[in-house]
Amino acid sequence: MTELVAPQLVVNSRMIYFGWLPADPDAVAALVPDGLTPAPNHQVFMNQYVVDDAGQTSGFGAYSLTYIGPDLAGVDAPDGVTPGRWWTHYFNSSPDVRAYAAARGVPATPGKTTIEVRGRRLTATTEADGVPVIRTTARVGRTGDAVNRGQLRYLTRLDGRLHSGNYPFVAEPVDPFEVESLEFLAPDHPVYALRPADPLEIVWGFYSPRASFAYPGGESVLD
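Remember, predicted model here, so these are calculated numbers, not experimental data.

Our focus in this paragraph is helix 2 (residues 95–102). Every buried residue of helix 2 is accounted for by Val-97, Arg-98, Tyr-100 and Ala-101. Relative to the axis of helix 2, the buried residues are bounded by an arc of 160° and lie together on one face. Here the buried face of helix 2 lies against strand 1 (8–20), strand 4 (63–70), strand 7 (89–92), strand 8 (108–118) and strand 14 (202–215).

Set out below in structure tokens:
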């Protein structure tokens, strides 16, 4: 296929995106590289999403993805409120998207994400190399008039240097939305270090059946 170049556009993905307090804050902090600082409460973010059809992308094709990692302090998104984020794991079903992401310092590895909604119950499952590693269960409602919009900031390391990218998004969240359980299913997998505290404490989040965003990749070198 033609080499993918930045930026890339994705529209109307099905996306559940939220954050929580971890069971082991020290383990989360250990995953943050030198030059960056974890959020004071060591909260973790995760985005599980599915792009069902190639017509929803400018070049990526259909794929699914779960990415996850610690929120950061001192490198906020352009709104000055949303924390910048560090990817520790990036489970992607598409070799082309993995190559695109890896070229920009993202730790892309093979994986598959499924999202099933039956009535008001959503189940999102993430597999790494065919093994289920994370399962989210949530209560979801219908989309209304609300729209989430803005830009997120993700940090990567490439050729020994930290890179910063801003990622614009527009999403139509459902209401109500409540994460009921978050299970890390493989204690022997490195992603288990990011498991949630018990009891589960969700600090923010949404589900949108229509979430759109751009993938610019690393835009600048972080000073």
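Quick look at the pattern of salt bridges now. Under the definition given, this model contains six salt bridges. Its salt-bridge partner being Glu-183, residue Arg-135 comes within 3.0 Å of it at the nearest N-O pair. Of the two residues, Arg-135 is situated in strand 10 (residues 131–143) and Glu-183 in strand 13 (residues 174–184); the sequence distance between them amounts to 48 residues. Glu-172 is paired through a salt bridge with Arg-210; the nearest N and O atoms lie 3.0 Å apart. With a gap of 38 residues between them, Glu-172 in the loop between strand 12 (161–171) and strand 13 and Arg-210 in strand 14 connect regions that are remote in the sequence.

The rules we used
Position numbers for residues start from 1 in each chain and track the written sequence from start to end. The model is predicted, so local features are restricted to residues of pLDDT at least 70 and side-chain atom pairs to those at 80 or more, both for listing and for counting; the totals for chains, interfaces and linings are taken over all residues. Only hydrogens and water are removed before side-chain values are computed, so all heavy atoms of the structure are retained for them. Residue burial is assigned from relative accessible area. The probe radius is 1.4 Å, only protein chains are included, and a residue is buried under 20% of its type maximum, exposed over 50%, and partly exposed in between. In this description a helix means any DSSP run of H or I spanning at least four residues, a strand means any run of E spanning at least two, and both kinds are numbered starting from the N terminus. In this description, the arc belongs to the directions extending from the helix axis to the C-beta atoms. The contact criterion used is simple: two residues touch if any of their non-hydrogen atoms lie within 4.5 Å. The term salt bridge refers to a pairing of a side-chain nitrogen on Lys or Arg with a carboxyl oxygen on Asp or Glu at a separation within 4 Å.

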